Amino acid sequence: MIAAVLDVCASLCGEGAGLRRVMVVHSRPHTHQRTPLKDGMEAQSSRWMPMLSAGAAVMTAVGFLFFNMIGDRVTASLSEESTDRLATPTPKWAWNGSDVVPESYAVLGTPIVIDLDGDKLPEVVFVSGPNDISRVGEGTLRAVSGRDGSEVFTVTNPALYLNAQNGLAGGDIDNDGRPEIIGRTSADTLIAFEHDGTYKWTSPDLACWGNKAHAAIADVDHDGTPEIAICATLLNNDGTIRWQHRPVSTGTETSIADIDLDGDMEVIDGWRVYLSDGTILWEHPEFRTVASAVANLDDDPEGEVIMIEEEKCYILEHDGTIKVGPVLLPLEVAVGLSSWGSPVIADVDGDGRPEIGIAGGGRYSMLEHDGTLKWSVPVGAFNFFRGAAAADLDGDGTAEIVFQGPEGLMIIRGTDGHMVWQYSTPERSATFAFNLPVIADVDADSHADIVSIWTSRSSAQPVPAMLVFGDKSWMPTRPIWNQHSYHVTNVNDDGTIPRYEEPNWKAHNNYRANERLAGPYPRLQQVFMPLTLSEQGRKALRAVDVVLAVDTSNSMVGTKIEAARSAIRLLLDEISWQHDHVALVSFSEAAKLCQPLTGDRDAVWTALSSIVLASGTRIDEGLRLARSELEGERGRGEAVARVVVVLTDGLQVSSPDLAVQESVKIQAMGARLIVVGLGTDVDRGFLERLAGLQGRAYFAPEPADLAEIYQSVGRVLSCQTEDYWGHRCG
């Protein structure tokens, strides 16, 4: 709409008015782009004002924009700006109990979201029990469809009851390609179930204290087989104990991370940290009940451990030194009436540094990365051990906090603590577990959802016991949340566990927060529109170094590879060969530099015609070689835009995390990554994760669809995501 308004203005002013082309920033799929009105010129701005763009809905989101064009000057004025930009969620489906074990209808512990059967549609897995705290040990394991809540399986054998207050952990612990489910019993053992609910094994006694311990899964020793940590105990994937210590306190949580970057995973359990072999690395026995998270809160590369000890927050260096704390958290009620939940780490204000969110004392409080109080808001008393989750739901670059307390489910604006939305219930939900809502793409519709649980104080059955909320305008996120200590890099989208887990703070720097993914549709984004435009237009062109990485696995045979060649030639036709350089990389089991960076179009064309197919798909090798070429002697560095365009019709044959790690490295050097998936069976979630927040993912169901994609990519190659003015984006 804005482009249309300006087009009219431009035609009224005419070519002789001096301003021949105006670029207006608005939202398109994955990135900010500019709409040209006339040819040859671009406007520049001297003053900026943040506002919201929402694709075709931009006019209703920000009010009307009035443009006044006089000679070679343009003035834009804004009538009003929206304050609460998050679309109101609506219930998608509810679980109200089941005819199978009908007396087991109360949901107390945190559910998990994971694809159990490999059909790309997640299941929600949880434990339900009688609405009687004295019968908390009679928990029934259930799985329901993420699409509509319909039953997938229920474990009815009383011998396999779980503790209903404990959360679950899910992941492929035996490398069979399907995730297993780990739950804790009131007899203080773990039970593992196969993906279909079949019994797998029971562990020996864990000697846990209390009802609030949660398992965490990771490949602690990097041998390709995951381990399970809980209650100062590390278990092998068959349930046998590898090492065990006496738990340090009640209600402790377990987190796993390589906090000192020495290549060895540490197990954080309560106020004690263990090496992978069970040796105590450091401890703080002066602490009591502890909830924890891991992030990088300073300028060194190692991770910090955030520990919540009753009403106090501590930030500890990787060696156990107390960096900040104790920070006394605000209280709304006495400590005895409310205990503190698990910390959330997320960038809630878009400043590039993570903040720390903590529930307790009847309030939800947000601390800056240095421990200073950012804001604190009341959320209701009696919120024992309640946690929260975070995600950038509206795509404005700042995370929202999703908290479920005694007064209902709340979405809290991260910047200032304003409650954007609340869903209340007639009766308070009551649970003493370290529970928290879960954020994931539950129904595989490429939009984030919230899974919330509800438990009545009365003996009457609550309706519903579990509710899923969402909205079609919410950002895409991962279709998985596999454990209480969830962080993005601890699990792959298919439920497999990384052999070498990338430290989460290097790529995301959040904890108990889900990742915002790119998506092939318009989305809300915070952009910057000039409040006044008052400068002479000028010619603008930015050179680009681009590496084209092409999947040459055997599955690309026939029409696929021929369509790829034709589409890439269309891209080459858009290149400004006087300024731009192009390289060609092919990858199968190995990667090959078919043509180094060059300004010779014919050389690239010849190399493209000569590529041959082979077995295997190592996307990581293709990306590594592309990055090497951009950083090598032929690359022109930050003086030019740098872009990698990768085409694939398959999935990485080795760990997908290897490809994602290479993607992170490419984007960390300031280059833009564009991912093109070919075929109807590509793993969209993996490719969107590969593109990351700053990249862009395209999908071509048929080979013929590649032509339009590559031609459009060629037209905007030099436009960086953060660019708005002064570069070529025609």
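Up top you'll find the structure we're talking about.
This report concerns the structure included in the present document. Please read all numbers here as calculations on a predicted model, not as lab measurements.

**Remarks on the overall build of the protein**
- Within the protein, the regular secondary structure consists of nine helices and 45 strands.
- Split into buried and exposed, the 730 residues of the protein put 63% on the buried side.
- Here the analysis covers contacts within the protein between residues at least 6 apart in sequence; of these, 63% occur between residues at least 24 apart.
- Approximately 24,700 Å² of the protein is accessible, and the part contributed by carbon and sulfur atoms is 51%.

**Considerations on the sheet that holds strand β42 (residues 591-598)**
- Pairing within the open sheet is mixed, and its six strands lie in the order β42-β41-β40-β43-β44-β45. Whereas interior strands pair on both sides, the edge strands pair on one side only; in this sheet they are β42 and β45 (696-700). Mean inter-strand twist for the sheet, computed between neighbouring axes without regard to direction, equals 15°.
- Of the pairings in the sheet, the one linking strand β40 (residues 544-551) to strand β41 (residues 581-587) comprises seven bridges and is parallel in character. Each residue of the ladder has a partner; that of Val546, found in β41, is Val582.
- Set on the sheet, helix α8 (residues 684-691) makes contact with β43 (641-648), β44 (672-678) and β45; between it and β45 the angle comes to about 150°.

**Re the nonpolar core**
- Counting residues in hydrophobic clusters, the biggest one holds 70 residues, and the most contacted among them are Leu141 and Ile182.
- Counting 43 residues, the second largest nonpolar core, distinct from the first, contains Ala218, Ile268, Cys313 and Ile315.

**Remarks on the packing of helix α4 (residues 559-574) against helix α5 (residues 601-610)**
- Interaxial distance between α4 and α5 falls to 11 Å at its minimum, and their mutual angle equals 170°. What the angle tells us is that α4 and α5 run roughly antiparallel. Two secondary-structure elements touch here, α4 through Arg565, Ile568, Arg569, Leu572 and Asp573 and α5 through Arg601, Val604, Trp605, Leu608 and Ser609.
- Its residues placed into classes, the contact of α4 with α5 shows five nonpolar, one polar and four charged.

**A closer look at the pattern of salt bridges**
- Counted according to the given criterion, the structure contains 34 salt bridges.
- In this structure, Lys200 and Asp174 form a salt bridge, with 2.8 Å as the shortest nitrogen-oxygen distance. One end of the pair, Lys200, is in strand β15 (residues 199-202); the other, Asp174, is in the loop between β12 (169-171) and β13 (180-184), and 26 residues separate them in sequence.
- Residue classification places Lys200 among the partly exposed residues on the basis of a relative accessible area of 25%.
- Owing to a relative accessible area of 24%, Asp174 belongs among the partly exposed residues under this scheme.
- The partner of Arg601 in a salt bridge is Asp573, and the shortest N-O contact between them spans 2.4 Å. Here Arg601, found in helix α5, pairs with Asp573, found in helix α4; they are 28 residues apart in sequence, far enough to count as distant.
- Exposure remark for Asp573: the relative accessible area of 46% places this residue in the partly exposed category.
- Salt bridges here are not isolated pairs; linked through shared partners, they connect Lys92, Asp443, Asp445, Asp449 and Lys472.

**What about the side chain of Asn163?**
- On the secondary structure map, Asn163 appears in the loop between β11 (151-154) and β12.
- Here the side chain of Asn163 touches Gln165 through a polar contact of 2.9 Å, landing on its backbone nitrogen.

**Focus: the pairing of strand β35 (residues 419-423)**
- Direction of pairing for strand β34 (residues 408-413) relative to β35: antiparallel, over a ladder of four bridges. Within β35, the residue paired with Met410 across the bridge is Gln422.
- Between β34 and β35, which pair antiparallel in sequence order, lie five residues; one of them, Gly417, sits at a positive phi of approximately 85°.

**Overview of the side chain of Asp258**
- Along the chain, Asp258 turns up in the loop between β20 (254-257) and β21 (266-269).
- Buried Asp258, no salt bridge; nearest opposite-charge side chain is Lys506, N-O distance 7.8 Å.
- A distance of 3.0 Å separates the side chain of Asp258 from the backbone nitrogen of Leu261, its partner in a polar contact.
- Not counting the four nearest positions on each side in its chain, Asp258 is found in contact with Gly263, Asp264, Met265, Glu266 and Trp505.

**With respect to α4**
- Over its 16 residues, α4 extends 23 Å from the first C-alpha to the last, a length consistent with the 22 Å expected when each residue adds 1.5 Å.
- Buried within α4 we find Ile561, Ala563, Ala564, Arg565, Ala567, Ile568, Arg569, Leu571 and Leu572.
- Against the buried residues of α4 lie β40, β41, α5, β43 and α9 (706-715).

**Concerning the packing of aromatic side chains**
- The tally for this structure, following the rule as stated, stands at nine aromatic pairs.
- With a centroid separation of 6.3 Å and an interplanar angle of 35°, the aromatic rings of Tyr364 and Trp375 are classed as tilted. Of this pair, Tyr364 sits in strand β30 (residues 363-367) while Trp375 is found in strand β31 (residues 373-378), placing the two residues eleven residues apart along the sequence.
- A connected cluster of aromatic rings, assembled from ring pairs, spans Tyr364, Trp375 and Phe403.
- Its guanidinium or amino end placed over the ring of Phe699, Arg684 lies 4.0 Å from that ring's centre, counting from NZ or CZ.

**Considering helix α7 (residues 656-668)**
- Under the 1.5 Å per step criterion, the end-to-end length of α7 is 19 Å for 13 residues, consistent within 8% with the ideal 18 Å.
- The set of residues buried in α7 consists of Pro656, Asp657, Ala659, Val660, Glu662, Ser663, Ile666 and Gln667.
- Of the surrounding secondary structure, the elements contacted by the buried residues of α7 are α6 (619-631), β43, β44 and α8.
- Once α7 ends, the next one or two residues include Gly670, with phi positive near 90°.

Parameters and conventions
Residues numbered from 1 in each chain as written. Predicted model: local features only at pLDDT ≥ 70, side-chain atom pairs only at ≥ 80, totals over all residues. Heavy atoms only, no water. Helix = DSSP H or I, 4+ residues; strand = E, 2+ residues; numbered from the N terminus. Buried < 20%, exposed > 50% of the residue type's maximum accessible area, 1.4 Å probe, protein only. Contact = heavy atoms within 4.5 Å. Areas by Shrake-Rupley, 256 points an atom, 1.4 Å probe, with all protein chains shown as cover. Pairing = 2+ DSSP bridges. Axes fitted to C-alpha atoms, helices over the stretch in contact; angles between N-to-C directions. Core = buried A, V, L, I, M, F, W, Y, C linked by side-chain atoms within 4.5 Å. Parallel < 35°, antiparallel > 145°, perpendicular 65-115°, else oblique. Nonpolar A, V, L, I, M, F, W, Y, C, P; charged D, E, K, R; others polar. Salt bridge = Lys/Arg side-chain N within 4 Å of Asp/Glu carboxyl O. Polar contact = N/O pair within 3.5 Å; in protein donor to acceptor, adjacent residues only side chain to side chain. Lys, Arg positive; Asp, Glu negative; His and termini not counted. Expected span 1.5 Å × (residues − 1). Phe/Tyr/Trp six-rings, centres within 6.5 Å; stacked < 30°, edge-to-face > 60°. Lys NZ or Arg CZ within 6 Å of the ring centre and 35° of its normal.

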